[in-house]
Amino acid sequence: MTYERTNIAAMQGYVPGKQPESSDTIKLNTNENPYPPCAAVMAALLQVSADSLRRYPPPSADGLRDAAAKLHGLTREQVIAVNGGDELLRLAVTTFVEPGAPIGMLEPSYSLYPVLAELHGSPVVRVEADQDFLPPADLAARMNAAGVRLLLLVNPHAPSGRLTPAARIADLARAFSGVLLVDEAYVDFVDPKLGHDVTALVSQFDNLLLLRTLSKGYGLAGLRVGYGLGAATLVSPMLWKSRDSYNVDAIAQRLATVALQHSAQASETWRLVRIERERVQQALCALGFQVGNSQTNFVLAYAPSGAQARRLQSELEQRGVLVRYFGGPRLDDALRITIGTPEQNDRLLANLRELLPAA
Ligand SMILES: Cc1ncc(COP(=O)(O)O)c(C=O)c1O
């Protein structure tokens, strides 16, 4: 006897990357920042008062929303604070999609998207990413034709790391007739030389919602906090109707506010990651991997011919180095490898050198 709804009973559920027990393990499988949050955040943690824990937190997290609004030159009404970016995805689904109506996404992309659609009883409209993992030119037209009301687009793209330029995002928002959620989980790691910033577009398009998280750029994956940016009319129903009453806890609100106020410190970690990204990419290519351009804190590396990505992943794991293997169309030969500290990356590369005898 099962009491589950039929769609829940039929579904698999999201499979998160492994979290090792041992601190010796090199964890390059879930795209965490290899560097800790800045000193001001840790100081704020020590100052959390018993009273702030006794009480409920500010329900709409106004202090955190103000800090995010200031950082992006927006207003508080254009910001919603969430319990990790994943909560924003769930809120967007429950707020903007009639149960059973289709949800659109590129294939491949973040593997949580189809799980959220299944939970909602919604079919998924998948459009294959182009050769370079970017949205094809007819994406909006195909989504409109399929009656999609919410299109989930991760940019920079996961798992490839490729960046869709801001002008293309604007074109998509203009052409798509539903809500375009651009998941910017990894945007902090984009090379500043590219001048990529789509935040101003939320004042221009009332159907554009941006997802931001402090899990990656700010080294706060354990805190579970992020935010959404969008037109006040898009934010308001999630903020005042579909969100849990106290969705972001008191500690998360306080620490995230401090983190955003000290974003210059976090940006130093982004710079270090970018330097290592370049080095790891070159070293992997020298080992025979094919690695495309990444603007994130990970690379998608296609195994040299003769070496199987799945086998490499499990052999690395036996040696205490975790990387992610997805498999499936276009990813069968690929490993997604998070950029770690220089020492962690050295260990990854040394192990790969041993495992690839011909290299
Ligand atoms: C593409 C993408 N979007 C969103 C998230 C959500 O991150 P969080 O819920 O930790 O903020 C992740 C986390 O891995 C991700 O990879």
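In short, a report on the structure.

Thresholds, definitions, all that
- Residues numbered from 1 in each chain as written.
- Predicted model: local features only at pLDDT ≥ 70, side-chain atom pairs only at ≥ 80, totals over all residues.
- Heavy atoms only, no water.
- Pairing = 2+ DSSP bridges.
- Helix = DSSP H or I, 4+ residues; strand = E, 2+ residues; numbered from the N terminus.
- Core = buried A, V, L, I, M, F, W, Y, C linked by side-chain atoms within 4.5 Å.
- Buried < 20%, exposed > 50% of the residue type's maximum accessible area, 1.4 Å probe, protein only.
- Contact = heavy atoms within 4.5 Å.
- Near = heavy atom within 4 Å.
- Polar contact = N/O pair within 3.5 Å; in protein donor to acceptor, adjacent residues only side chain to side chain.
- Nonpolar A, V, L, I, M, F, W, Y, C, P; charged D, E, K, R; others polar.
- Axes fitted to C-alpha atoms, helices over the stretch in contact; angles between N-to-C directions.
- Salt bridge = Lys/Arg side-chain N within 4 Å of Asp/Glu carboxyl O.

1. Here's the deal with the sheet that holds strand E12 (residues 334–338)
Paired through their backbone hydrogen bonds, the strands of a sheet run either parallel or antiparallel.
Logical step 1: The 3 strands are arranged E9-E10-E12 in an open sheet whose pairing can be described as antiparallel. Of all strands in the sheet, those bounded by a partner on one side alone are strand E9 (290–291) and E12.
Logical step 2: In the sheet, E9 pairs with strand E10 (residues 298–302) via 2 bridges, with the strands oriented antiparallel. Its bridge partner being in E10, Val291 is matched across the sheet by Ala301.

2. Some words on the nonpolar core
Logical step 1: Ranked by size, the top nonpolar core spans 79 residues in total, and within it Leu180, Leu208, Leu214, Leu284, Phe289, Leu312 and Ile337 carry the most contacts.
Logical step 2: When sequence neighbours within four positions are dropped, the list of residues in contact with Phe289 reads Leu284, Ala301, Tyr302, Ala303, Pro304, Leu312, Leu335, Leu352 and Leu356.

3. A look at the site of the ligand
Logical step 1: Around the ligand, the neighbouring residues are Gly84, Gly85, Asp86, Tyr110, Val154, Asp183, Ala185, Tyr186, Thr213, Ser215, Lys216 and Arg224.
Logical step 2: Arg224 has a polar side-chain atom sitting 2.7 Å from an oxygen atom of the ligand.
Logical step 3: The residue inventory of the shell around the ligand, partitioned by class, reads 4 nonpolar, 4 polar and 4 charged.

4. Describing the sheet that holds strand E4 (residues 124–128)
Logical step 1: As summarised here, the arrangement of the 7 strands in space is E2-E8-E7-E6-E5-E3-E4, forming an open sheet in which the pairing is mixed. With one partner strand each, in any of the chains shown, strand E2 (79–82) and E4 form the two edges of the open sheet. Taking the axes of each pair of neighbouring strands and ignoring which way they run, one obtains an average angle of 25° across the sheet.
Logical step 2: For strand E3 (residues 103–107) and strand E5 (residues 150–154), the ladder comprises 3 bridges, and the chain directions are parallel.

5. A word on the pattern of salt bridges
Logical step 1: All chains considered together, the criterion is met by 20 salt bridges.
Logical step 2: Here Glu268 and Arg271 are joined by a salt bridge, their closest N and O atoms 2.7 Å apart. Separated by 3 residues within a single helix, Glu268 and Arg271 lie in helix H11 (residues 263–286), roughly one turn from each other.
Logical step 3: Residue classification places Arg271 among the partly exposed residues on the basis of a relative accessible area of 37%.
Logical step 4: Here Glu276 makes a salt bridge to Arg279, at a shortest N to O gap of 2.9 Å.

6. Some thoughts on the pairing of E2
Logical step 1: Burial along E2 is two-sided: the residues Val79 and Ala81 and Ile80 and Val82 are all buried.
Logical step 2: Note that E2 and strand E8 (residues 226–230) share 4 bridges and pair antiparallel. Paired with Ile80 across the strands is Gly228, a residue of E8.

Purely geometric numbers; function is a separate question.
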